[in-house]
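Summary of structural features
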Amino acid sequence: TSYTIILTDEETGQSWDIGKNAVAFETDNDGLKRFKLSVTFPVTVKKFSPGWHMVSLPVDVSWFPAEGYVYEHTSSGYSYPEAIKSGKGYWFGASKETTINLKVDEKAKTEAVIPLNAGWNMIGCPFTVAPDWSMSCIEKDGVRKGLKESIETGLVNGALYRFVDGSYQLTDSIEPWEGYWFAALTDCKLIIPGTGSKKDNVGAVSALSRSSFVSDAVLSDRWQVSLHVSAGKYQDTANGAPCLGVN
């Protein structure tokens, strides 16, 4: 496992996994662009305290890989699941402190598609790293709309609840291994983008200066991103490039 380093253009929403590939981009005439850099570590081990938890798994498995009580929510109420599906939420009752280790394929998913029924749905995080919930969308009859438009057009309620210390809390993000309540107002599909995904129709910008982000080899206890900039015939040197990271 290794860190996932995602660079996001705050104007267009386009994202790049710079932990694996170098990325080049061009700025517009004012020479300024705003980016968000997020560094996450894949969560493949999870510890649960005794008691009830709303949970999810980043992979499909035939049964929940721990001792305890497991229930899923359906239109007819609660029942024992025949299998555990990535992207769904479940109730897990642990009688003692429990640690789960999962072998997860680190190959990045472009997106996860979660069917929703009209009413409250138990959903979960389908990835080992936290996705950008704000970039999720709703699909109905083959047409996709962003969360804001989906709320305005009556496809979903928009409220997202998690279960913490015996009570529900509103949240605006989802985390690996956690389960959530999310209400749909009609049968539809929830689309959650994976890391490295991007919004459609991202236009090119005019060239004035060019920057590239290059990630050094990533070790389990450190990460580093170097910034190299050029403008016309001028460019920085490798030794003078600024770096971000943890060592």
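Quantities reported herein were computed from a predicted structural model and do not represent experimental measurements. (Residues numbered from 1 in each chain as written. Predicted model: local features only at pLDDT ≥ 70, side-chain atom pairs only at ≥ 80, totals over all residues. Heavy atoms only, no water.)

This brings us to the packing of aromatic side chains. Inspection of every chain in the model, using the stated rule, returns 9 aromatic pairs. On the basis of an interplanar angle of 65° and a centroid distance of 6.3 Å, the ring pair of Phe48 and Trp177 is categorised as edge-to-face. Taken together, the residues span a long stretch of sequence, with Phe48 in strand β5 (residues 45-48) and Trp177 in the loop between β16 (167-170) and β17 (179-184) at a distance of 129 residues. Here Phe48 falls in the buried class, since its relative accessible area comes to 3%. Its guanidinium or amino end placed over the ring of Phe48, Lys46 lies 6.0 Å from that ring's centre, counting from NZ or CZ. (Phe/Tyr/Trp six-rings, centres within 6.5 Å; stacked < 30°, edge-to-face > 60°. Helix = DSSP H or I, 4+ residues; strand = E, 2+ residues; numbered from the N terminus. Buried < 20%, exposed > 50% of the residue type's maximum accessible area, 1.4 Å probe, protein only. Lys NZ or Arg CZ within 6 Å of the ring centre and 35° of its normal.)

Before going further, it helps to examine the sheet that holds strand β8 (residues 77-79). With antiparallel pairing, the 4 strands of this open sheet are ordered in space as β6-β9-β7-β8. On the outer flanks of this sheet lie β6 (51-55) and β8, each paired with one strand and no other. The mean angle between the axes of side-by-side strands here comes to 30°, regardless of whether they run parallel or antiparallel. As defined by bridge partners, strand β7 (residues 69-74) adjoins strand β9 (residues 90-94) across 3 bridges and the pair is classed as antiparallel. Bridge pairing in β9 links Val70 to Phe92. (Pairing = 2+ DSSP bridges. Axes fitted to C-alpha atoms, helices over the stretch in contact; angles between N-to-C directions.)

As a further point, take the nonpolar core. Leu116, Ile123, Trp133, Ile138, Phe182 and Leu190 are the most contacted members of the largest nonpolar core, which totals 19 residues. Put simply, the parts of the chain that give this core at least two residues each are β11 (111-116), β15 (156-164), β17 and β18 (188-193). The contacts of Ile123, once residues within four sequence positions are left out, are Gly87, Lys88, Gly89, Ile114, Leu116, Trp133, Leu160, Glu178, Gly179, Tyr180, Phe182 and Leu190. Phe48, Val59, Ile84 and Ile100 belong to the second-largest nonpolar core, a separate cluster that totals 16 residues. (Core = buried A, V, L, I, M, F, W, Y, C linked by side-chain atoms within 4.5 Å. Contact = heavy atoms within 4.5 Å.)

Applying the stated criterion to the full structure yields 5 salt bridges. Across the pair Arg34 and Glu10 runs a salt bridge, and its minimum N-O distance is 3.4 Å. Of this pair, Arg34 sits in the loop between β3 (23-26) and β4 (35-40) while Glu10 sits in the loop between β1 (4-9) and β2 (15-17), placing them 24 residues apart in sequence. Accessibility expressed as a relative area gives 63% for Arg34, which makes it exposed. Through salt bridges with shared partners, a single ionic network connects Glu111, Glu139 and Arg144. (Salt bridge = Lys/Arg side-chain N within 4 Å of Asp/Glu carboxyl O.)

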